[in-house]
Amino acid sequence: MLTHLFKLIWNKKKQNFLMITEMFVSFLVIFAVFSMLVYKYNNYKVPVGFDFKDVWVVNYNDAIKPVDADSVALYMNNIRQSLKSLPGVVDVSFASGNVPFSFNTNNTELNNNGKKYRSNIFTVEANYASLFKNKMIEGRWYDKSDIPAKPFPIVINQTLKREIFGNENALGKTIIQDKEKLKIIGVVADMKDRGEYETPEAGYFNLADTGAYKWNSTILVRVQPDVDAAFEAKLFKTLNNVIYNANIEIEHFDDKEERKNKISLVPLIILVVVAGFLIINVALGLFGVLWYNISKRRGEIGLRRAIGASGNMIAKQLIAEALILSTLSLLLGSFFAIQFPLMNVFDMPSQVYYTAMLLAIIFIYLLVLVCALYPGKQAAAIMPAVALHED
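Residues numbered from 1 in each chain as written. Predicted model: local features only at pLDDT ≥ 70, side-chain atom pairs only at ≥ 80, totals over all residues. Heavy atoms only, no water.

Asks: Explain the overall build of the chain to me, please; I cannot follow it from the model alone.
Replies: From N to C terminus, the chain includes 13 helices and 11 strands. Residues counted as buried form 46% of the 391 residues belonging to the chain. Put simply, 81% of the contacts in the chain that link residues at least 6 apart link residues at least 24 apart. Put simply, the chain shows about 20700 Å² of open surface, and 60% of that area lies on carbon and sulfur atoms. (Helix = DSSP H or I, 4+ residues; strand = E, 2+ residues; numbered from the N terminus. Buried < 20%, exposed > 50% of the residue type's maximum accessible area, 1.4 Å probe, protein only. Contact = heavy atoms within 4.5 Å. Areas by Shrake-Rupley, 256 points an atom, 1.4 Å probe, with all protein chains shown as cover.)

Spelled out as structure tokens, the structure:
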């Protein structure tokens with residue numbers, strides 16, 4: 001039976017080649033869609049790593065600040081105390097502009113035993129971890145005694161620790177940044193600061209000193225859960241009173257995360273829409289070709305029915321032909337798809353590609369089966385006497 005089906009397919013190789021090409025292209029597009037879907041879903045399952053609920057971020061610029069370092073420190077402390085005196089404010093912390101869910105970046109190159117690594121730098125204060133409720137994996141977070149320490153103490157995230165040290169213990173080890181030695185005192189859990197659907201990037205936290213305050217333009221404020229719009233207006237008024245000549249903007253981290261997530265899903269949505277149009281066209285084309293084949297093969301079908309073939313056998317033959325064509329296209333498509341994990345394309349985990357490949361294969365088989373069922377049913381309903389008479 002299988003040999004006979006291959007002969008039938010070979011005899012119509014030009015027509016079947018077009019069908020194989022359509023399904024091959026469809027498989028590659030579906031493979032790309034499922035790869036991104038599986039990647040985003042796996043990222044979504046990973047814990048966020050910090051608590052940003054009830055945390056607001058204040059961005060200010062063009063502020064008039066003192067010139068010398070000591071005056072700047074007093075100036076920033078005045079801002080801190082003014083904010084903490086407000087009923088409803090739980091904690092206040094100054095940070096660099098690349099806070100979670102922002103579009104600001106600050107990165108550098110680290111060196112360990114001659115090997116270079118790219119890393120983000122987050123300049124923070126000693127209360128940053130408590131404000132965001134970060135989880136320490138190894139070692140400890142900063143305290144104020146770390147400011148004058150040499151070599152400079154740093155806290156790294158899990159991703160940077162994994163890239164540099166793998167499964168080794170990172171505590172107490174030093175790495176080089178611009179010829180400056182940095183000593184690792186702690187490893188903190190990854191923060192999904194690029195959104196729920198993205199993987200955390202390698203980074204380390206640098207403790208802010210008086211020099212960093214001179215360039216600071218970002219304040220993190222944790223508020224009580226029951227604060228309202230009136231409190232936000234009071235906060236804005238207080239900021240205007242203590243930060244002179246500044247453009248002030250208050251954002252909620254919930255809103256920032258939502259915007260970041262939407263932007264992260266835009267490429268996926270575009271790919272799904274394009275793939276949807278392609279699949280509809282392929283399904284209509286496949287359905288039309290199978291229907292056309294039945295009309296062209298009515299004499300053959302009638303003859304087979306006349307010599308004893310049942311309607312179910314006719315339907316199974318047509319469905320089997322379509323499935324064999326799809327198998328040939330999937331074998332070709334799988335050859336190209338398997339290159340993605342082997343060559344580490346787009347730097348995704350290999351498991352993502354293998355899962356996407358399996359889902360794409362199942363999807364194409366289901367699509368072909370659905371498109372072949374009705375034409376197969378129509379072929380099974382052809383009466384031998386009518387078909388032979390028409391022929």
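Asks: Would you take a moment to explain the packing of aromatic side chains for this structure?
Replies: Here the distance between the centres and the angle between the planes together describe a pair of aromatic rings. Across all of its chains, the model carries 23 aromatic pairs by this definition. Plain terms: the ring middles of Tyr44 and Tyr197 are 5.6 Å apart, the flat faces sit at 15° to each other, and that makes the pair stacked. In this pair, Tyr44 sits in helix α2 (residues 13–45) while Tyr197 sits in the loop between β8 (180–188) and β9 (203–207), placing the two residues 153 residues apart along the sequence. Judged by its relative accessible area of 41%, Tyr44 is partly exposed. Between Phe132 and Phe253, the aromatic rings sit 5.6 Å apart at their centres with planes inclined by 80°, giving edge-to-face as the arrangement. Here the residue Phe132 occupies a position in helix α4 (residues 128–132), and Phe253 occupies one in helix α8 (residues 253–296), the gap between them amounting to 121 residues. On the basis of relative accessible area, Phe253 is assigned to the buried category, the value being 0%. Linked through ring pairs, Phe50, Phe52, Phe101, Phe122, Tyr128, Phe132, Trp141, Tyr142, Phe205 and Phe253 together constitute an aromatic cluster. Geometry around Phe103 places Lys260 over its ring, the cationic atom sitting 4.0 Å from the centre. (Phe/Tyr/Trp six-rings, centres within 6.5 Å; stacked < 30°, edge-to-face > 60°. Lys NZ or Arg CZ within 6 Å of the ring centre and 35° of its normal.)

Asks: How should I be thinking about the sheet that holds strand β2 (residues 89–94) in this particular structure?
Replies: To summarise the sheet geometry, strands pair through backbone hydrogen bonds and adopt either a parallel or an antiparallel arrangement. Taken in spatial order, the 4 strands line up as β2-β10-β1-β11 in an open sheet, and their pairing is antiparallel. The open sheet has two edge strands, β2 and β11 (247–252), and neither has a second partner. Direction aside, the axes of adjacent strands within the sheet are offset by 20° on average. For strand β1 (residues 55–61) and strand β10 (residues 218–223), the ladder comprises 5 bridges, and the chain directions are antiparallel. From the neighbouring strand, Val55 faces β10, where its bridge partner is Arg222. (Pairing = 2+ DSSP bridges. Axes fitted to C-alpha atoms, helices over the stretch in contact; angles between N-to-C directions.)

Asks: Help me out: how do you make sense of the side chain of Asp193 in this one?
Replies: Note on placement: Asp193 falls in the loop between β8 and β9. Despite its burial, Asp193 pairs with no opposite charge; the closest candidate is Arg194, at 5.8 Å N-O. In contact with Asp193, not counting residues within four places along its chain, are Phe50, Pro100, Phe101 and Phe122. (Lys, Arg positive; Asp, Glu negative; His and termini not counted. Salt bridge = Lys/Arg side-chain N within 4 Å of Asp/Glu carboxyl O.)

Asks: Whenever I open this one, the environment of Tyr60 confuses me. Can you help?
Replies: Within the fold, Tyr60 resides in strand β1. Here Tyr60 falls in the buried class, since its relative accessible area comes to 2%. Along the backbone, Tyr60 and Ser217 are 157 residues apart, and their C-alpha atoms lie at a distance of 5.3 Å. Separated by 3.0 Å, the side chain of Tyr60 and the backbone oxygen of Asn216 make a polar contact. (Polar contact = N/O pair within 3.5 Å; in protein donor to acceptor, adjacent residues only side chain to side chain.)

Asks: Looking at this structure, I do not really get the nonpolar core. What am I missing?
Replies: The nonpolar side chains of soluble globular proteins are, as a tendency, buried together. In this structure, Tyr128, Phe132, Ile156, Phe205, Leu220 and Phe253 are the most contacted members of the largest nonpolar core, which totals 39 residues. Mapped onto this core, the elements with two or more residues apiece are β1, β4 (115–124), α4, β6 (152–157), α5 (158–165), β8 and β9. A per-element tally of this core places β8 first, with 5 residues. Excluding residues within four positions of it along the chain, Leu220 makes contact with Trp56, Val57, Asp91, Val92, Ser93, Ala95, Val99, Tyr128, Leu131, Phe132 and Phe253. Of all hydrophobic cores here, the second largest spans 32 residues; its members include Ala283, Ile319, Met357 and Ile364. (Core = buried A, V, L, I, M, F, W, Y, C linked by side-chain atoms within 4.5 Å.)

Asks: So what exactly am I meant to see when it comes to helix α7 (residues 229–242) here?
Replies: Taking 1.5 Å per residue, 14 residues should reach 20 Å; α7 reaches 20 Å between its end C-alpha atoms and fits that length. Inspection of α7 places Phe231, Leu235, Thr238, Leu239 and Val242 among the buried residues, and these make up the whole buried set. Looking down the long axis of α7, one finds its buried residues gathered within 100° of arc, a one-sided arrangement. Summarising the geometry of α7, the exposed residues directed more than 90 degrees from the buried face are Ala229, Ala230 and Lys237. For α7, the secondary structure elements touched by its buried residues are β1, α3 (69–84), β2, β10 and β11. Taking the backbone nitrogen of Ala230 as reference, a side-chain oxygen 3.2 Å away marks Asp228 as the first, capping residue of α7. (Expected span 1.5 Å × (residues − 1). Arc of directions from axis to C-beta.)

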